[in-house]
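Now for the letters of each chain:
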Amino acid sequence: MATSCVSKLDNMTKAVKAYGKQMVNFWHAKDTRPYMAELASSLKINEEGHTCSLAGSHRDTWAHPKLAVFFARWLDVKFAVWLCCV
């Protein structure tokens, strides 16, 4: 995927580091794949359209904004509860 994809996406790698977590745990969480499949269907995009990973000096994983909220809930339970209350 081209570097231009980054301008529309959120940096997942930077977020997991800030919360002391690892990306592999997000990918293996039981709800991640079903959520991504349903989101892809809803947005009419393929599942690979949710994220992109860049090599070289920008070796990070970036997420579609619609996946970012789901991801943020996984990162921080306080944020997840806050979302339920707003």
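Predicted, not measured: the structure shown is a model, and the values here were computed from it.

### Focus: the overall build of the protein
Thought 1: Of the regular secondary structure elements, the protein holds five helices and three strands.
Thought 2: Put simply, the protein runs from its N terminus to its C terminus through helices and strands in the order β-α-α-α-β-β-α-α.
Thought 3: Looking at the 86 residues of the protein, the share that counts as buried comes to 31%.
Thought 4: Long-range contacts, defined here as pairs at least 24 residues apart, represent 58% of the contacts in the protein between residues at least 6 apart.

### Comments concerning the packing of aromatic side chains
Thought 1: A full pass over the atoms with the stated rule returns seven aromatic pairs.
Thought 2: A ring pair is formed by tyrosine 35 and phenylalanine 70, whose centres lie 4.0 Å apart and whose planes are at 10°; its orientation type is stacked. Here tyrosine 35, found in helix H3 (residues 32–43), pairs with phenylalanine 70, found in helix H4 (residues 65–75); they are 35 residues apart in sequence, far enough to count as distant.
Thought 3: Given the relative accessible area of 19%, phenylalanine 70 is considered buried.
Thought 4: Taken together, Phe26, Trp27, Tyr35, Phe70, Phe71 and Trp74 form an aromatic cluster joined through their ring pairs.
Thought 5: If you follow lysine 21 out to its NZ or CZ, it ends over the ring of tryptophan 74, 4.7 Å from the centre.

Parameters and conventions
- Residues numbered from 1 in each chain as written.
- Predicted model: local features only at pLDDT ≥ 70, side-chain atom pairs only at ≥ 80, totals over all residues.
- Heavy atoms only, no water.
- Helix = DSSP H or I, 4+ residues; strand = E, 2+ residues; numbered from the N terminus.
- Buried < 20%, exposed > 50% of the residue type's maximum accessible area, 1.4 Å probe, protein only.
- Contact = heavy atoms within 4.5 Å.
- Phe/Tyr/Trp six-rings, centres within 6.5 Å; stacked < 30°, edge-to-face > 60°.
- Lys NZ or Arg CZ within 6 Å of the ring centre and 35° of its normal.

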